[in-house]
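Read off the chains here:
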Amino acid sequence: MEENFLNNAPLKEVLFELQWEVDFLREQGIRNDSGFEQAVLRFTQACQQDFKDVVLLKPENIPPAAFIHRVTHRFFKKQGEHPLYQMGPGVFTVNDNDKNYKWHDFEPMILNGLNCLRASYQKELIPAKVQLRYIDRVSPYIFGDDDKFEFLRSHLQVNAEKYPFIEGELQDIQFNKRFLIDDNFFINLLITTSVDKETNEDVIEWHTFVSNNKRLTWGELEVWVAQAHMICSKTFKSMISKTLYEYFSK
């Protein structure tokens, strides 16, 4: 998430998402992204990059209108591997993971992808919702502690509160908080404790994501993306303890 590369970064995935306005067909009572199917076919040509390995995520017999603002196609450089673009009716995402991510590569990938998206449609898209999200994950036992909630308090500045009206012992938490930065930005923080499906060990996962507070024009998006990254990076640095930062830097 940072300009200074962390050798042992907790990042699992980073994604940018754009949603745009879709049509409402009153007679049918459904929403529709007109031109979507043709845009999907044009995307790899418009992109003029290496994202030409396409995977369909929905059943072929179900129309795109059933998947408004849900991705239905993935565009890989190499199938099954990051980075990738995703596209669906009214939605476009750019995804990368911990193995590849560097902001100076990811930012141009976002901007290039948006140019490809716009060139794929014959209509002018109207941006609605925008989001930049970082997903981080860490074991709460990396320093030899045996209390994941103490790790949360000491290294992520998060208190896992117990409630006097519940007699049972607290096992896990999941909460989502949203804060208004200014007229342009919300910042959201989602924190969960869970069990890693592969290792069957406890993990703490947190999502830091910035979303727009007002509508953006295409001309404003590039600046917004850069500022959203700065907010996420600053939050990450302020949130984690010095000890944890040094651990991620090893």
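Fair warning: this is a prediction, and the values are worked out from it, not measured in the lab.

Enquirer: Could you give an account of the pairing of strand 8 (residues 127–138), with specific residues and numbers?
Expert: Extensive coverage of strand 8 is indicated by the burial of ten of its twelve residues. Bridging between strand 8 and strand 11 (residues 202–212) involves eight bridges; their strand directions are antiparallel. Paired with arginine 137 across the bridge in strand 11 is glutamate 205.

Enquirer: Which residues make up the environment of leucine 6, and what are the values?
Expert: Along the chain, leucine 6 falls in the segment before strand 1 (11–20). Overall, leucine 6 belongs to the buried group, its relative accessible area being 7%. Look past the residues within four positions of leucine 6 in its chain and what remains in contact with it is Phe236, Tyr245, Phe248 and Ser249.

Enquirer: A description of the packing of aromatic side chains should follow, citing residues and the corresponding values.
Expert: For the structure shown, the criterion picks out 15 aromatic pairs. With centroids separated by 5.8 Å and ring planes inclined at 50°, the aromatic side chains of phenylalanine 43 and phenylalanine 92 adopt a geometry described as tilted. In this pair, phenylalanine 43 is assigned in helix 1 (residues 36–47) and phenylalanine 92 in strand 7 (residues 91–97), connecting sequence segments 49 residues apart. Note on accessibility: phenylalanine 43 and phenylalanine 92 belong to one class, buried. Between tyrosine 101 and tyrosine 134, the ring centres sit 5.8 Å apart and the planes meet at 85°, which makes this aromatic pair edge-to-face. In this pair, tyrosine 101 sits in the loop between strand 7 and helix 2 (103–120) while tyrosine 134 sits in strand 8, placing the two residues 33 residues apart along the sequence. The same class applies to tyrosine 101 and to tyrosine 134, which are both buried. Ring pairs connect the aromatic residues Phe43, Phe51, Phe75, Tyr85 and Phe92, which therefore count as one cluster.

Calculation rules
Residues numbered from 1 in each chain as written. Predicted model: local features only at pLDDT ≥ 70, side-chain atom pairs only at ≥ 80, totals over all residues. Heavy atoms only, no water. Buried < 20%, exposed > 50% of the residue type's maximum accessible area, 1.4 Å probe, protein only. Helix = DSSP H or I, 4+ residues; strand = E, 2+ residues; numbered from the N terminus. Pairing = 2+ DSSP bridges. Contact = heavy atoms within 4.5 Å. Phe/Tyr/Trp six-rings, centres within 6.5 Å; stacked < 30°, edge-to-face > 60°.

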